Amino acid sequence: AQASTLLFYLNGKRIELRNVEPQTSLLQYLRNEGLTGSKLGCGEGGCGACTVMLSHYSPDSEKIIHRAVNGCLFPLAAVDGFAVTTIEGLGNTRDGLNAVQERIANSHGSQCGFCTPGIVMALYAFLRTNPKATKEDIEHSLDGNLCRCTGYRPILDAAKSFAYEEAENAEKVSYAAAELVQDGQQPPAEGTSICPSTGKPCECGAQNKRSDSAPNHRNGICFDPSTITSHLIFPPSLKKHEIKPLVFRGEKVIWYRPVTLNALLELKKENKDAKLVIGNTEIGIERKFKHSDIPIIIAPTHIPELKKMYTTDDGIHVGSSVTISDLQEYLQNLTNTLPKHQTESCTALLHQIRWFAGTQIRNAAAFGGNICTASPISDLNPVLVAAKAVLTVQSLDRGEQKIPIREFFIRYRVVKLEKDEVLTSVFIPFTRENEYFHAYKQARRRDDDIAIVTTGIRVHLEPTGDDFIIKELAFGYGGMAPITVFCKTAEEKLVGKKWDEDLLPLAYDLLRTDLPLKDDAPGGMILFRRTLTITFFYKFFLRVLNQIAPGRVSDSLLSAIPDLHREISSGSQTYQTNDESSPVTFPVVHAAAHKQVSGEAIYTDDVTANNTLHGAFVLSSRAHAKIISIDASVALKARGVVAFFSGKDVPGKNEMGPVVISDEPVFPVDIVTAMSQPIGVIIADTQENACEAALLVVIEYEDLPVNITIQGAIEKKSYYQPVIGIVDGDVSNALATCDHVISGEMQSGAQDHFYLEPHSSIVIPGEGKEIEVICSSQNPSKTQSIVSHVLDIPNYQVVVKVKRMGGGFGGKETRSIQTTCAAAMSAYLLRKPVKITLDRDVDMATTGMRHPFLGRYKVGFNNDGSLQALDIDLYSNAGNSMDLSVSVMERALFHVDNCYKIPNVRATGYCCRTNITSNTAFRGFGGPQSMLICETWMEQISKKLGKSIHELRRMNFYKEGEPTHYKQIPSDNHIDRLYNEILSSSQFEERSEQVKQFNAANRWKKRGIYVLPTKFGMSFTVKFLNQAGALVHVYTDGSVLVTHSGTEMGQGLHTKMLQVAARAFGIPVEKVHISETSTDKVPNTSPTAASVQSDLNGMAVLNACEKILERLAPFRAERPDHSWDELVKAAYFERIDLSAHGFYATPNVGYNFANGTGTPFNYFVWGASCSEVEVDVLSGDYYVRRTDIVMDLGESLNPAIDIGQIEGAFVQGLGWCTLEEIVWFDNGHQFTRGPGAYKIPSCNDVPVDFRVTLLKDSANKKAIHSSKGVGEPPFFLGASVLFAIKEACRSARLDAGLPDEFFVLQAPATSERIRVACSDTFTQHFQKKSEDQ
C-alpha cells in the first residue's frame, strides 16, 4: 500500500509531514519553517546560496552518504529517508561555530554574507564526504557557488585550510596540525580535547577528543554538529528506514514515488504524459521559467535496477537514475583500475563531467535525465554519440528494447521514446587497443556553464608499417544543430585514410559539409561555432598523432593538445598597521561575519510580520507601445489573490524619478517604454500565488517603434538633456598643429550588478498614515522621500530601515525604489503588511545595469609621445528613463584623462534614450568606461610611434601641480611611485621576457602581460550629497550604540565605524554596536555610494564621539585611574548627557558644468595592476596566471576589509571586461536574465596568484584618520586582464602572418571575441566563405 507520510530529519529533529504539496521546494519549506539561513538567490541552481546537505544511508556500501544540493530546486517530496542539515544545524554565535564557519569568518571570507551560508554548506558537505580532500579537490568543490563581493580569494584560503597535504615523509597531515607546528606547538596527541571551531587543544569537552578513526572527526577537527545541537548528525533510525511507495496529491500536481521497476512501468502506462524527476534540475527550471504545466510527476529515485552500475567484458552499464556525481566516482575508479586503452571513453566522459554544471547539480541530476532532456548543447550526449552508446528502454507491454543513441534524438528536445517507455540503462562500450577518445567543450565560463560547442571524437587506428590507418572514426557534436549530431559523411569517407597531416584538409571540408550552420542560426556566434568544429578536430588530431608517433608533432604545435590548466590558487596581502591607532589600521574581522557564516544575519526577505501579503509585478511584453487596456479579472479570481494595483491606483503622485521626479512613473498608464517594465502589481497570500496570477493579467497594446542601441539613438539624435561637456584649451588648433592625430572608437558592454540578494521590501502599516519600510536599499532617505510623494503623506510618516544588504554595487541606490513604492502603496491601500521580493529573472530584467558606452575620439600627439589634444564624444545607453545617467556621464567626462595630462581637451557626453530598462549606478559610475577608452587610445599611440607604453605613460603622467582638464590640481600624486612599485614588485621586465620566450615556443597557447594605472576622484560630484550624520549613545555599562547615515552592503562600513568609535573612546571594538540604518535616527542621509562613506560617516561618528568626550573630560581629569565603564557611570550620576549627534560636510567640493568652475573631488585614489594571462588560441579560452595590485589607500582604516574590496572590485572588473555579456533581442527582450545565461566570475576565474599591496607611508590628510575610500577605484584595474589578453592575441596574430599593428578588442572580451581576434587560417577560411556567399 502506498504511504502518504514524508519522514525525514531536519537538523537532528524528526519530521513527519502528510499531504505534502509536490510543487514545494525544500528551500520554500525551510524558509516557511523559519530556517532563513538558506537563501533564495536565483531559483535555478546557479548561485548556490540555497545549498543544504542531504545525508542518507546506503545499504550497498554500508556508508552514510553526504551531498550538497540546491534547496531551490530539490523537491520537498524527495527528502523521504534523508537527514537534512541546514546552516542552522552547524553552529551559531551563542553556542559555538563549526570549524568551517569559524575559518571562513576569520579569514575575511564573508562580506555581504548573503552567499556565505551556501558556501559554508557546500564546503561542509564536501569535507564530510571527502575527509582527505586535496586543495585542488576543495577548489573544485565550490564550482556551484557564486560570490559577488570577495573575489573568492579569502574563501578559497579558508576552504583549503582543511586540505590534506603531502608531507616530506609521505604522511598525510591536516592543515590544522600544520598550523599548530607553525605556532611552535606539537600536534595534538591521541585523546587531547580539541576545539570544534579552531581544531586546536582546548577545554571544550571530552567528546571533541582527537581520534582519526572516529567517523565524525577529521584529524582532530570535529565535524559533528551534535556537539552544538545535541543531535546526531545522522539518526540511526534512518539506517533502518523502510523504503515505501509514496504518493502526494497537490492542487495541481500528483507526485508518485514507486520503488519497483514494474510499478514504475505501470504508472507510466497509466500516465503517459507524466514526467520522470530525479533531482528536478531540469523540470524545476522548466516549471519556474517556462511556466510548464506538469500535472503528474514520477520519481524513480529508489528503483534498484535504475541505480546499478557494472561492467561486462565489452563495456559499462549505467542505470538511468544514477546521479552525475556517482557516475563520476565510478568512472574515476575504472580509470584507476583498468588498462588505459580500455577506458578512453571513461576519460572523455570524465573530462566533460568536470565542467558539467556545479557540484550541487551533479549531486542531484540523473545521467538518464540528462540524456532524455535532449539538449542540443548537452555536455555528455556528444560523447555518448561518439562512443556509439546503446540505450535500453522498457515499457510494461513491449518489454525491453535497445536503441542506438544515434537514433535516439529526433528533433529539438524530442527523443525516440514512446510515452509509456522509460529509459532504464545506458551501455557505453569500452575502447580497444589503438583507439583514442577525447572530448571538448567551449563555454563562456569554464565552471558551471552551458556549452557553446561541445564534441566527442573517437578514432580506432590500425597500424600498417610506419603508418596508422583509420579503421573507424566517430564524432558527436553539440551546439551545431537542434539536436546532438554525428558526422556521417566524414565518418564514412575518412575510413581507410592515413592519420597524418594530409588528412586535415579533407577532414575540414567534410566536417563543414556535415555541420552546416546558417548565418541566422539560433544562438548566434556563427563564425566562432563554425571555427570550433574544425579546431576541436585539429586538437584531437595532434593529440592522437603525438601518442602514435612521438616527436612527429613539432614542439610549438604541441601547445594545441593540453587543455588550459590552472594551478592551485594562492595570494598575498601586504599592508601596514599602527599600534598607536588601534583598533584603526588593524584587520578587524567584519562585525557581522560570525552571524553571516551561521545564517543568523537577517536580510529583508527574512523579515516577517503577521498577515503579510506578497506582491509580484505584472510586466510589459512590449518594448515600446501604447497601453490600450489592462484586464486583471481572471487574475483576481486566482488562488490567494487579494488585489491588483496599477498606475491609476497610486494614492499620491505616480512619479518616482530619483533626480527629476516626473522622469519615471511607478507604473505607466498610457505608454510602456521598455520590455519588462512593471505595469502593475498583483497582491496575494503567497509569493508563489502572486507570481502565478501576474501571468494572468491581459494587456492589449498598440506597438510603437523600438530602438535599443546607442547607434540607433545617434541616428535619431535621441538624447536626454542636458548634453554636457568639458572644454579646456584650444582643441582644434592643437589637433591642427601637432605631429600626429589618431582617431577611433571603443565600446564597452553592459554589466548586471548580480548582487546575490535580489531587490526586496516589506512595508508595515502603523497608526493612521504611518508606515514602516524595511528594504534592501543604499538610499533610505531618497526612498523615504519618494514613498511619501507616491502616498501623498509627509516624510515623517515614513520610516525607512536598512539592516543590511546582500550586495549593492550601486544597483540599490535608486532602482530599489520601485519595488518599495509598489509594496508601500499596496500596504497603504490594504492596511496590511506587504512584501515584494523579486525573482532573479525579474530583478535582472527590471532594475537596470551598468551603462554600455561608446567612445569616438581624436587624439593629437607629437613625435616624442607627448599628448597635445583629446576630442572625444561619449555616448551611454541610458535606457527608458534618465535615472542617474547624467551624473554617470559627468564622472565619465571627469575621467577621460585617466592619469595623463592632456593640455587641450574637448569632451562631450550624450545620454541616449532607448527602449531598454533604465540603466543606473554601478561601481565606478562611468569612470571605468571612460578610462577604458583612454587606455585604448594610449595603446594605439604606442603602436603608432613604436614607443613603449611605459615610456609613453611616464612622459604624460600628471606631474605635481599640473591641473586636470577641469582645473583641479591632484593632491598627493603618487602615480610615479606606484607605477615604479608595480613594475618592480610584479617583476614585470623579467616576466615579460618569459612571456616572449613562451610565445616563441608555442603556436597555440599564448601569454600576455600588461600593466594598467588608474586615478579615481573621491567625492559625490553633486555638492549637497557630501554630508553625513551620526548618533552615538553611551550606556551606563560603558557599551556604545552607533547609528550613522550609511548602509551596510558587505563593504564593511559598519565595521570601520565601530573601529572609529572604539578608537575615539579608547575601548575594545566589542563594546561598540551598530544595529541598523534608520531615517528616524539619522535623517536626510545621502546614498551609500561614491566610495566616500567611510570619509563622511567616519567624521560624523568622530564628531559625535568628541562631543561626548568633551563632556567627559572633567571627569577624566578628576579620575585618571578610572576605567571607561567607571567613568561613564560617574558622569551619568552627575547628569551628563551621554548621547550626541555628529555631522560632517566635506569642505571645498562642488563643480558647475554650466560654467566649468569648481572642485569636483576632495582627493584622488591612485592604483596600478599587472596581470598575466594564458590564452588557448584555438578556443578563445583563457585564465589569469597572476595579478599584482598596488593601491594608494592612505592609512587604511581596516586593511583586511580594504584588501577584500580591492580583490572583489578587481574580479568584478575582470568580469565586466571578459565574461559578462548582456544579450538583447531586437524586440527589446533581455535574454540574459539569470546565472544560466549570464556568467559572473566563479572561483575558477580569479587570478591563480593574487597579490595585493597597500602603498606604504601615504597618509591622506583630507579624510578620517588619514585614510582613503576604496570601493570603486580598484574596479578599473580588472581591465588589465583585457589588455593582457589583447597582448596574447597580438602574438597569435603575428604567428598567423598579420602585421604588428593596433587592433580593437571590444569589451567584454568573451571567448568568442578572443578566438576571432586570434585570426588564423581557421577563422579566415570561414570569414572568406561568408563573404563569398
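For clarity, every value in this text was computed on a predicted model and none was experimentally measured.

Procedures and definitions
Residues numbered from 1 in each chain as written. Predicted model: local features only at pLDDT ≥ 70, side-chain atom pairs only at ≥ 80, totals over all residues. Heavy atoms only, no water. Buried < 20%, exposed > 50% of the residue type's maximum accessible area, 1.4 Å probe, protein only. Helix = DSSP H or I, 4+ residues; strand = E, 2+ residues; numbered from the N terminus. Arc of directions from axis to C-beta. Contact = heavy atoms within 4.5 Å. Polar contact = N/O pair within 3.5 Å; in protein donor to acceptor, adjacent residues only side chain to side chain. Pairing = 2+ DSSP bridges. Axes fitted to C-alpha atoms, helices over the stretch in contact; angles between N-to-C directions.

Participant: Would you mind showing me how to read helix H28 (residues 949-956) here?
Facilitator: For an α-helix the count is 3.6 residues per turn, leaving residues at separations of three or four pointing the same way. Every buried residue belonging to H28 is among Ile-949, His-950, Leu-952, Arg-953 and Asn-956, and all of these are buried. Seen end-on, H28 carries its buried residues on one side only, within an arc spanning 160 degrees. Considering only its buried residues, H28 is in contact with strand E38 (867-879), helix H27 (927-945), helix H29 (975-985), helix H30 (988-1001) and strand E40 (1005-1018). Capping of H28 at its N-terminal end is provided by Ser-948; its side-chain oxygen lies 3.1 Å from the backbone amide nitrogen of His-950.

Participant: Whenever I open this one, the environment of Gln-677 confuses me. Can you help?
Facilitator: By the secondary structure assignment, Gln-677 is in the loop between strand E28 (671-672) and strand E29 (678-684). Residue class for Gln-677 comes out buried when judged on its relative accessible area of 9%. Separated by 65 residues in sequence, Gln-677 and Ile-742 place their C-alpha atoms 42 Å apart. In this structure Gln-677 touches Val-618, Leu-619, Ser-620, Pro-665, Pro-668, Val-672 and Asn-880, once residues within four positions along its chain are discounted.

Participant: I would appreciate a short explanation of the sheet that holds strand E12 (residues 275-276) in the present structure.
Facilitator: The pairing of strands in a sheet comes from backbone hydrogen bonds and takes either a parallel or an antiparallel form. The four strands are arranged E10-E11-E13-E12 in an open sheet whose pairing can be described as mixed. Each edge of the open sheet carries a strand with a single partner, namely strand E10 (246-249) and E12. Taken together, the four bridges between E10 and strand E11 (residues 254-257) define a ladder with antiparallel strand orientation. Each bridged residue has a counterpart across the sheet, and for Phe-248 the counterpart in E11 is Trp-255.

Participant: Can you walk me through the sheet that holds strand E39 (residues 904-913) in this structure?
Facilitator: Taken in spatial order, the five strands of this open sheet run E31-E39-E38-E37-E32, and their pairing is mixed. The two strands at the open ends of the sheet, each matched to only one other strand, are strand E31 (719-728) and strand E32 (740-748). Each strand of the sheet is rotated relative to its neighbour by a mean of 10 degrees, with strand direction disregarded. Direction of pairing for E31 relative to E39: antiparallel, over a ladder of seven bridges. Directly across from Tyr-719, in E39, lies its bridge partner Cys-912.

Participant: Would you explain helix H20 (residues 687-694) in this entry?
Facilitator: The complete set of buried residues in H20 reads Gln-687, Asn-689, Ala-690, Ala-693 and Ala-694. The buried residues of H20 occupy an angular sector of 160 degrees when the element is viewed end-on, so they sit on one face. On its buried side, H20 packs onto strand E25 (613-619), helix H19 (633-636), strand E27 (641-646), E29 and strand E36 (834-837).

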